[in-house]
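Next come the chains, spelled out residue by residue.
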Amino acid sequence: MSSIVQGIGEGPGDPHQALVDAVHAGGSSELASVLGDQAFVLREVTLMPRKLFTPGDAESVAFTEVVGRIHELRSALDALEARAVVALADSLTLQKQAEVRARAAQESNQAPPTKKLLREAAREAAREVSMKIGKSPASAAHSLASQRRLVADMPEMLTALAGAQVTSTVAHGTARSFAPLSRTQRAEADHLLGQRLPDLEGAGSEAWDDAAAAAIAQADPHGQKRRHQRAMQERHVTVRRAEHGMATVSARVSGLDGAKIRKRLSLEAERLRATGDRRGHQAIQADSFVDTLLGREEGMEPVTLDIGIMITERALIHPAAGDLAQIEGYGTAPAEALREELRGPLGLALTKETEEAMGPDGPALRAVMRRLYTHPRTGELVAVESRARAFPAALAKFIRWRDRICRGPYCNAAIRQSDHVCPHASGGATSLDNGQGLCALCNDKEQQTRSVHRTGDTAVDGHAVEWVSRTGTRRVSRPPALTTPEPRPEREESPRAVTQPARTTQPALPARTARTAQRTRTAQRTWTAQRTRPARAVRLARSSQPTGAARATRSIARAALSGNRRRPTVRSRGRKGRPPAPHSPGNSP
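Note that the structure is predicted; figures quoted are calculated from it, not measured.

Caption draft 1: Seen up close, the packing of aromatic side chains. This model, assessed by the stated rule, comprises 1 aromatic pair. With 6.4 Å between their ring centres and 15 degrees between their planes, F53 and F63 make a pair best called stacked. Here the residue F53 occupies a position in the loop between α3 (28-47) and α4 (60-106), and F63 occupies one in helix α4, the gap between them amounting to 10 residues.

Right, here's the structure in full:
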């Protein structure tokens, strides 16, 4: 046992702080000794538990506390490992530099360039870590790169990791996604993520990926196209051996294609299950994927898919603004990537005056643009209500658009069911405010938790749902933001300052000029009367003939798809003199 640990409890003061000070004084060798002592204690307790882990009625709370402390310890060790590995790499670099200088003093040859020296030192450090912890050299090298970003440029994320606010998987995944950014941009994106930590409580890896993408877009709005083009160059397919004679096939494709694949397979599985197929949903998807790819008779037939694309009007007209788009069933995607997708056959159908632009199916395909409204502070979608027990199709689709993934804490599964937060049997309304999208497992929440209920002030916190476990663990689930959320207001502010976001508002128009203003509103203007931000939901649908609304939106789509920065004029045939109300049934998807 370390001599420092032996004498810690003898003096006055806080023993924990005394241990920290002693480790600082003893250096890295003393830190290794303390860690060895702790590892020995934990290993002995695990291998010889005696009666320590005997189940009991009153022990559930204590075991929950143990699991929580283990999570905190693991997170602190992951953060500590990041600093230790980076220090190891830097020490090897200094050692290698000293060797090169000594060699250069004896030989006439010039020393190798600094970049080459750094690469060699990084490889040596990765090999050292690989051999020490039993990880492949390639994986160790990737971990070293993300750990260096965490230590050097991402103090907020490193602090969150050390404090068990995020897992190691989330922290390293965020660091890898920050790789294309410069050091200054990386620090800015890290600061933006740090501000959003309270809103990301209970968020799974999918929600974290969306938050990281939004932070990257804010830190480097002009680099979206460059990053997407670089990512497109990394398309690939891998086939890996799995256990018991199985294999895992994965493909890296565009986000829109991935959403199409996912929806097509899910629809095929639902169709076959409805006809009496007893295979599981996931098994049918796997079989249909293989049958179609290999050209078997059981393969799927080509169909037209309805894929929702949510994009702000500013991003639709000016992609360099930095706003991200949302793909139904996928998540965030660069706006420029979707503009490229829509410039193809869909662009021809919208920019040419011939119905044969898309072939025989041209008259049946068109772009339908719907106006959606977002919460002024949280950026989440807001709208409609129903009195039925089952969620109507339009309301269920809106919930899927708002939540995107299962709202269960840390769950990343796709939404399969629309759930009442307060059960309908207990008087819960069938409304957007009382609805949430869940997977099949999380929809059994009443049997798995103590309670699930709405929490917070809707005007400030948006659609926040608190989940309480049987032992009292609390997590708050929030829908991902479609637009950039505003900073969380301080508690000392007045209620008026909380409910009214800081933004420039315009006075109400006189009644005599309302009709003219309605005709000249552009795609970038915000309806300030409702204090909401409009967004566009673009989807592919079937229709016999283009409607008047579809013809009216062609000017916007034509300008967006052709790259024209001129503001289009929209002639609305709706109610004159005022914008549509965000909470009326007429604006439901």
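Caption draft 2: Seen up close, the nonpolar core. In this structure, M157, V166, F178, L193 and W208 are the most contacted members of the largest nonpolar core, which totals 27 residues. Listed by contribution, the elements that provide at least two residues to this core are α7 (155-162), α8 (168-177), α9 (183-195) and α10 (205-219). The contact partners of L193, leaving out residues within four places of it in the chain, are M157, T174, F178, L200, W208, A211, A212 and A215. Core analysis: the next-biggest nonpolar cluster, separate from the first, contains 12 residues, L256, A315, I327 and A333 among them.

Caption draft 3: Spotlight on the confidence of the model for the protein chain. Here the protein chain shows a mean pLDDT of 75. Residues at 70 or above account for 69%. Under a pLDDT of 50 for its full length, residues 491-589 has, in the predicted model, 175 contacts with residues more than four places off or in other chains.

Caption draft 4: Representation of unusual backbone geometry within the structure. The phi dihedral of A164 is positive, around 65 degrees, even though this residue is not glycine. Of note, A164 is situated in the loop between α7 and α8. Phi is positive for Y410, which is not a glycine, with a value near 65 degrees. Tracing the chain through its elements places Y410 in the loop between α17 (393-403) and β9 (417-420). The class of Y410 is partly exposed, set by a relative accessible area of 48%.

Caption draft 5: Examining the environment of Q282 more closely. Looking at the secondary structure, you find Q282 in helix α13 (residues 281-293). Sequence separation of Q282 and A269 is 13 residues, and the distance between their C-alpha atoms is 7.7 Å.

Caption draft 6: Quick peek at the pattern of salt bridges. All told, the structure shown has 22 salt bridges when counted by the stated rule. In this structure, D153 and R183 form a salt bridge, with 2.7 Å as the shortest nitrogen-oxygen distance. With D153 in helix α6 (residues 137-153) and R183 in helix α9, this pair connects stretches of sequence that are 30 residues apart. Classification of R183 as exposed rests on a relative accessible area of 55%.

Caption draft 7: Region of the structure containing the packing of helix α12 (residues 255-274) against α13. Running from N to C, α12 and α13 cross one another at 115 degrees; their axes reach a closest spacing of 8 Å. Where α12 crosses over α13, the two elements pack in a sense that is right-handed. Together, R262, L265, S266, E268, A269, E270, L272 and R273 of α12 and H281, I284, Q285, S288 and F289 of α13 make up the contact between the two elements. When grouped by side-chain class, the residues that make up the contact of α12 with α13 number 5 nonpolar, 4 polar and 4 charged.

Caption draft 8: Just the packing of α7 against α9, in detail. Between α7 and α9, the least distance of the axes is 7 Å, while the angle of their chain directions is 45 degrees. Relative to α9, α7 is oriented oblique. Counting all contacts with α7, which are made through P155, E156 and M157, the residues of α9 involved are D190, H191, L193 and G194. When the residues that make up the contact of α7 with α9 are grouped by side-chain class, the tally is 3 nonpolar, 2 polar and 2 charged.

Caption draft 9: Spatial organisation of the sheet that holds strand β12 (residues 451-454). The sheet built from 3 strands is open, its strands ordered β12-β13-β14 with antiparallel pairing. If you trace the sheet from one side to the other, it starts and ends with β12 and β14 (474-477), each paired once. On average, adjacent strands in this sheet sit at an angle of 20 degrees to one another, irrespective of strand direction. As paired elements, strand β13 (residues 465-468) and β14 share 4 bridges and run antiparallel to each other. Along β14, the bridge assignment pairs W467 with R475.

Caption draft 10: Molecular detail of α8. Inspection of α8 places V170, A171, H172, T174 and A175 among the buried residues, and these make up the whole buried set. Where α8 is buried, its residues touch α6, α7, α9 and α10.

Caption draft 11: Structural view of a nonpolar patch on the surface. Taken together, the side chains of V237, V239, V249, F289, V290, L293 and L294 make up a nonpolar region of the molecular surface, amounting to roughly 670 Å² of accessible area. Counting only elements with at least two residues in the nonpolar patch, the list comes to β1 (236-241) and α13. By residue number, the principal contributor to the nonpolar patch is α13, which donates 3 residues. Tracing the backbone shows V239 in strand β1. Looking at V239, the relative accessible area reads 62%, which means it is exposed.

Caption draft 12: α10, seen in detail. Taking 1.5 Å of rise per residue, 15 residues should cover 21 Å, and α10 covers 21 Å from first to last C-alpha, within 8% of that figure. Each element contacted by the buried residues of α10 is listed here: α7, α8, α9, α11 (224-232), β4 (324-327) and β5 (331-334).

Caption draft 13: Structural context of the side chain of H463. With respect to the helices and strands, H463 occurs in the loop between α19 (458-461) and β13. Taking relative accessible area as the criterion, H463 reaches 4% and is therefore assigned buried. There is a polar contact of 3.5 Å between the side chain of H463 and the backbone oxygen of L432. A distance of 2.8 Å separates a polar atom in the side chain of H463 from the backbone oxygen of D433.

Caption draft 14: Focus on the pairing of strand β11 (residues 435-438). With burial as the criterion, each face of β11 is covered, one bearing G435 and G437 and the other bearing Q436 and L438. Looking at chain direction, β9 and β11 are connected through 4 bridges and run antiparallel. Note that in β11 the partner of H420 across the bridge is G435.

Caption draft 15: Region of interest: a positive patch on the surface. Together, K115, K116, R119 and R123 give the surface a local cluster of positive charge. Residue position: K116 is located in helix α5 (residues 114-133).

Caption draft 16: Inspection of the environment of E156 at higher detail. Secondary-structure assignment places E156 in helix α7. Note: C-alpha distance between E156 and L192 (36 residues apart in sequence) is 9.1 Å. Setting aside chain neighbours within four positions, we find E156 in contact with D190, H191 and G194.

Caption draft 17: Expanded view of the environment of W401. With respect to the helices and strands, W401 occurs in helix α17. For the pair W401 and I327, spaced 74 residues apart in the sequence, the C-alpha separation amounts to 8.7 Å.

Caption draft 18: Quick look at the pairing of β1. Across the 6 residues that make up β1, only a small minority, 0, are buried. When β1 meets strand β2 (residues 247-252), the two strands line up antiparallel, connected through 6 bridges. Residue pairing across strands places V237 opposite A251, the latter belonging to β2. The hairpin formed by β1 and β2 contains 5 residues between the paired strands, and H244 there has a positive phi angle of roughly 60 degrees.

Rules and cut-offs
- Residues numbered from 1 in each chain as written.
- Predicted model: local features only at pLDDT ≥ 70, side-chain atom pairs only at ≥ 80, totals over all residues.
- Heavy atoms only, no water.
- Phe/Tyr/Trp six-rings, centres within 6.5 Å; stacked < 30°, edge-to-face > 60°.
- Helix = DSSP H or I, 4+ residues; strand = E, 2+ residues; numbered from the N terminus.
- Core = buried A, V, L, I, M, F, W, Y, C linked by side-chain atoms within 4.5 Å.
- Buried < 20%, exposed > 50% of the residue type's maximum accessible area, 1.4 Å probe, protein only.
- Contact = heavy atoms within 4.5 Å.
- pLDDT = per-residue confidence, 0-100.
- Salt bridge = Lys/Arg side-chain N within 4 Å of Asp/Glu carboxyl O.
- Axes fitted to C-alpha atoms, helices over the stretch in contact; angles between N-to-C directions.
- Left-handed = near helix turned anticlockwise from the far one by under 90°.
- Nonpolar A, V, L, I, M, F, W, Y, C, P; charged D, E, K, R; others polar.
- Parallel < 35°, antiparallel > 145°, perpendicular 65-115°, else oblique.
- Pairing = 2+ DSSP bridges.
- Patch = residues over 30% accessible without salt bridge, like charges linked within 9 Å, V, L, I, M, F, W, Y side chains within 5 Å.
- Areas by Shrake-Rupley, 256 points an atom, 1.4 Å probe, with all protein chains shown as cover.
- Expected span 1.5 Å × (residues − 1).
- Polar contact = N/O pair within 3.5 Å; in protein donor to acceptor, adjacent residues only side chain to side chain.
- Lys, Arg positive; Asp, Glu negative; His and termini not counted.
- Charge placed at Lys NZ, Arg CZ, Asp CG, Glu CD.

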